[in-house]
Amino acid sequence: MGATVYLAGKMTGLTREEMNAWRKLAENILAEHGFKVFNPVNSPLQKYPSNREIRDNNRYQIDNSDLLLAEIDHEQPSINTLAEIIYAGVKNKPVIVWGKNYRLIEQPWIWESITVQFKTLEMAIDYMVDNYQI
């Protein structure tokens, strides 16, 4: 089995379909190249988990992933995605970011947690396949 990728990205204020649109595409392409993917939208947590339970589960999943693919394509920042980027960076996980909202990542803690950034999901996936495929 290949490397495991955690899919970080905005969820708050989005429908399930909106949360999953890019994630399903990424999961399908990455699976074709032997990657295993953890999609937090499909987490098996209880129907109404606590904030602590969500945070602890996300940290556990990041700890058990090899790298993080993060979406920053929305106008409104996702504080949780930024926290996941920082957490993965502190854990020395490669963090691949894609999207157009570069103002989100200009802060030192975020900037220094990112391995590489791309404008599109396709560019990010190509990079991952070229550099992290096992």
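Everything numeric here is computed off the predicted structure, so don't read it as measured data.

Caption draft 1: Molecular detail of helix H3 (residues 79–90). In this model H3 runs 16 Å from its N-terminal to its C-terminal C-alpha over twelve residues, within 8% of the 16 Å that 1.5 Å per residue would give. Restricting attention to buried positions, one finds in H3 the residues Thr81, Leu82, Glu84, Ile85, Tyr87, Ala88 and Gly89. Elements in contact with the buried residues of H3: strand E1 (4–8), helix H2 (51–63), strand E3 (67–71), strand E4 (95–98) and helix H4 (108–111). Just past H3, the residue Asn92 takes up positive phi, approximately 60 degrees.

Caption draft 2: Up close: the side chain of Lys10. Assignment of secondary structure puts Lys10 in the loop between E1 and helix H1 (16–32). Of the buried charged residues, Lys10 lacks a salt bridge, with Glu71 as the closest side chain of opposite charge at 7.9 Å.

Caption draft 3: Here's a closer look at the nonpolar core. Counting 18 residues, the largest nonpolar core has Val5, Ala26, Leu30 and Leu69 as its most contacted members. Sorting the residues of this core by element identifies E1, H1, E3, E4 and helix H5 (121–132) as the ones contributing at least two each. Those residues in contact with Leu30, other than ones at most four positions away along the chain, are Val5, Phe35, Val37, Ile125 and Met128. Listed in part, the 15 residues of the second largest apolar core include Phe38, Ile62, Ala70 and Ile85.

Caption draft 4: Local environment of the pairing of E1. For E1, the tally of buried residues reaches five of five residues, placing the bulk of the element in the interior. The alternating pattern of E1 places Thr4, Tyr6 and Ala8 on one face and Val5 and Leu7 on the opposite face, and all of these are buried. Bridging between E1 and strand E2 (residues 36–38) involves three bridges; their strand directions are parallel. Note that in E2 the partner of Tyr6 across the bridge is Phe38. With H1 bridging E1 and its parallel neighbour E2, the resulting β-α-β unit is right-handed. Here four bridges tie E1 to E3, and the two strands are oriented parallel to one another. Residue Tyr6 lies in a different strand from E3, and its bridge partner there is Leu68.

Calculation rules
- Residues numbered from 1 in each chain as written.
- Predicted model: local features only at pLDDT ≥ 70, side-chain atom pairs only at ≥ 80, totals over all residues.
- Heavy atoms only, no water.
- Helix = DSSP H or I, 4+ residues; strand = E, 2+ residues; numbered from the N terminus.
- Expected span 1.5 Å × (residues − 1).
- Buried < 20%, exposed > 50% of the residue type's maximum accessible area, 1.4 Å probe, protein only.
- Contact = heavy atoms within 4.5 Å.
- Lys, Arg positive; Asp, Glu negative; His and termini not counted.
- Salt bridge = Lys/Arg side-chain N within 4 Å of Asp/Glu carboxyl O.
- Core = buried A, V, L, I, M, F, W, Y, C linked by side-chain atoms within 4.5 Å.
- Pairing = 2+ DSSP bridges.
- Right-handed = clockwise from strand over helix to strand, strands pointing away.

Interpretation in functional terms is not warranted from these geometric data alone.
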